[in-house]
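A look at the structure
What follows is each chain in one-letter form.
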Amino acid sequence: MTLREIGEAVEKIGCLTITTSDQGTLHSRIIHLCGWDDEGIYFLTMNVKPFHRQLVASGQVALCGMYPSSRATGRNAVGQPAFPPGFTFRLTGEAREVPEAEIREKAAAGNRIFAYALEDAARYPAMRLFRIHRGRGEIFDYDFEMEHRDHKLLRTRFAFGGETFAEPGCVITDECVGCGACADVCSFKAIEPGEPYRINGARCDECGSCMIACPQDAIRMPDTL
């Protein structure tokens, strides 16, 4: 997945939550990102804010958002909250303040992100531009009622700026005896028969039903993103 594709997903969502850390305490707020290019994803804040201090101190950020809506539209046939097809987005990464000289140089070259940063700084002199220059994350595309396809999930993980990611999903080990108990309980159609059976991580919700059903204890928990 390219930074353009990541940026287009974020643009679709609009506002996201962004979380930083301050001496071990997490702080979240809503933010609107101001664009992306081949070097990363950009946002603005003011240097008088605790947000700015937290960014300068650690640079660590986590973002998440949901499209088209976080509201359920009712209940489905089995009584669960029903959501229209859409996707969630999450990113864990590192942000750095962009030097003023770079902003001016790229604005003069016609880059709209940096031109906007200069315009905003003219209105609010404390405004500063940050770039998420490295990160990893996931787009969790869901269609829980299978309106448009024959399975519920399509998970796409990504990384940029030298980061890497772990593949999603629980994993079936060589202890599998091929009984099929895991496939019987998987409502996400993520388990494929074989020797051993295999979990398609792109479809796996990591719900744990297969682990509970497995008589051989042959399924291990998923890795952290």
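Everything discussed here concerns the structure shown above.
What you are looking at is a predicted structure, and each value in this text was computed from that prediction instead of being measured. Every chain's residues receive numbers from 1 upward, in the order its sequence appears when written. With the structure being a predicted model, the display of local features is reserved for residues of pLDDT at least 70 and the display and counting of side-chain atom pairs for 80 or more, all residues being used for whole-chain, interface and lining totals. Note: side-chain values were computed over all heavy atoms of the structure, leaving out hydrogens and water.

**Some words on the packing of aromatic side chains**
By convention, a stacked pair of Phe, Tyr or Trp rings (six-membered ring in the case of Trp) has centres within 6.5 Å and planes under 30 degrees apart, an edge-to-face pair has planes over 60 apart, and any other such pair is tilted. Scanning the model with the defined rule gives 6 aromatic pairs in all. Should the NZ of a Lys or the CZ of an Arg lie within 6 Å of a ring centre and within 35 degrees of the ring normal, that charge is described as sitting over the ring. Of note, arginine 112 hangs over the ring of tryptophan 36, and the distance from its end group to the ring centre comes to 6.0 Å. It is lysine 152 that lies over the ring of phenylalanine 188; its NZ or CZ is 4.8 Å from the centre.

**Comments concerning the nonpolar core**
Nonpolar side chains in soluble globular proteins tend to be buried together. Counting 25 residues, the largest nonpolar core has Leu33, Ile41, Phe43, Phe89, Leu91, Ile132 and Phe160 as its most contacted members. Elements with a minimum of two residues in this core: helix H1 (3-13), strand E1 (15-22), strand E4 (40-46), helix H2 (50-58), strand E5 (60-67), strand E6 (86-97), strand E7 (127-142) and strand E8 (153-160). The element contributing the most residues to this core is H1, with 5 residues. Excluding anything up to four places from it in sequence, phenylalanine 89 contacts Ile6, Val10, Ile13, Leu16, Leu63, Cys64, Gly65, Glu138, Ile139 and Phe158. The next biggest cluster of nonpolar side chains, apart from the first, holds 18 residues, and it includes Tyr142, Ile172, Cys176 and Ile219. Nonpolar cores are built from buried Ala, Val, Leu, Ile, Met, Phe, Trp, Tyr and Cys residues. Side-chain atoms within 4.5 Å join them into one set. Buried residues are those whose accessible area, probed at 1.4 Å on protein chains only, stays under 20% of the maximum for their type, while exposed residues exceed 50% and partly exposed ones sit between those limits. A run of DSSP states H or I qualifies as a helix once it reaches four residues; a run of E qualifies as a strand once it reaches two. Both are numbered from the N-terminal end. Pairs of residues are marked as contacts when any of their non-hydrogen atoms sit within 4.5 Å.

**Looking at the pattern of salt bridges**
A pairing counts as a salt bridge when a side-chain nitrogen of Lys or Arg comes within 4 Å of a carboxyl oxygen of Asp or Glu. Scanning the entire structure with this criterion turns up 18 salt bridges. The residue glutamate 102 makes a salt bridge to arginine 131 at a minimum N-O spacing of 2.3 Å. Of the two residues, glutamate 102 is situated in helix H3 (residues 100-108) and arginine 131 in strand E7; the sequence distance between them amounts to 29 residues. For arginine 131, a relative accessible area of 12% gives the class buried. One salt bridge in this structure joins aspartate 120 and arginine 123, with 2.9 Å as the shortest N-O distance. Taken together, the positions of aspartate 120 and arginine 123, both in helix H4 (residues 112-123) and 3 residues apart, correspond to about one turn of that helix.

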